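Topology and contacts: notes
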Amino acid sequence: MTLSARSVVWKAGRKIIVDGVTLKAAPGTTLGLLGPNGSGKSSLIRLLAGLRAPAAGAVELDGAAVGRMSRRRLAQRIALVEQHATTEANVTVLDVVRLGRIPHRSPLSPWTRADDEIVERALARVELADRQGQLWHTLSGGERQRVHLARALAQEPTDLLLDEPTNHLDIQHQLEILKLVAELPVTTVLALHDLNLAAMFCNRLAILKEGRLVAEGTPEEVLSEAMIASVFGVRAHVAPSPLHGRLHVQYLV
Ligand SMILES: Nc1ncnc2c1ncn2[C@@H]1O[C@H](COP(=O)(O)OP(=O)(O)OP(=O)(O)O)[C@@H](O)[C@H]1O
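Values in this document were obtained by computation on a predicted structure and should not be read as measured data.

**As for the sheet that holds strand β4 (residues 56-61)**
- Spatially, four strands are ordered β2-β1-β4-β5 in an open sheet, and the strand pairing comes out antiparallel. Two strands close off the open sheet at either side, each with one partner strand: β2 (15-25) and β5 (64-65).
- Relative to β4, strand β1 (residues 3-12) is paired through five bridges, and the arrangement is antiparallel. Bridge pairing links Leu3 to Leu61 in β4.
- Sitting on the sheet, helix α1 (residues 41-48) touches β1, β2 and β4, and the angle it makes with β1 is about 120°.

If you want it as structure tokens, here you go:
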């Protein structure tokens, strides 16, 4: 439930990509990772998911080193949706979402009615219940993204890691998916580019620049005009929205 990175370093060859990041996602938090292209968001998410071993530091889940947990145990706890998540061509939507149940079943345990219900619920949550039989390769980019989120929901994780989960979605689905994710009773870490959506749906934000964590806190603590100028090189006006009260960023070009 508490996923944390302690002084985590990851290198590609000799180049330092994630540079000593210390970060904790408290239970139930929706933590947004923000930063320019190439700042290390995806790399950090893969470290948190246990897909990569840090060159230094540690990633822990409830105090246990993620690197020492079995793949199966890890998959029972952490679900990951990657930025360019793909899957084999000749499978249906239902096949993909059913994959989410694999970590919870042993080779000898039969598929149960409960598994069916979990899969159906996950599909309904992303509004694709009526597409169960459609072939994966015929889906649009946004539909694929929603199917992968449904697969992650069917996994019933305690911790959900999402790399740009809205990049292919129309605005209605961006809002719906982020609302759904923010309301889930799980810890979520998600990489986002849209500062306004981050302010609306995340309780905490972590800002990366050149692999380093340069700010962490509530949107109100972190999303300042000075931070946007220094990290993103963009002038902006930041003020609470009179409509919904969350911070609203307007860019000045
Ligand atoms: N396996 C690798 N080999 C070499 N360089 C890599 C590797 N993986 C990542 N990088 C580099 O590390 C940097 C960070 O990449 P990463 O994908 O983590 O950034 P990001 O913040 O998610 O970017 P974006 O917003 O563009 O998705 C980039 O410069 C990338 O080219």
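We are not done yet, so read on.
**Some words on the pairing of β2**
- Pairing of β1 with β2 involves eight bridges; the strand directions are antiparallel. By the bridge assignment, Val8 is partnered in β2 with Val21.
- Adjacent in sequence and paired antiparallel, β1 and β2 are bridged by two residues, among which Gly13 carries a positive phi angle near 65°.

Conventions and cut-offs
Residues numbered from 1 in each chain as written. Predicted model: local features only at pLDDT ≥ 70, side-chain atom pairs only at ≥ 80, totals over all residues. Pairing = 2+ DSSP bridges. Helix = DSSP H or I, 4+ residues; strand = E, 2+ residues; numbered from the N terminus. Contact = placed C-beta atoms within 7 Å. Axes fitted to C-alpha atoms, helices over the stretch in contact; angles between N-to-C directions.

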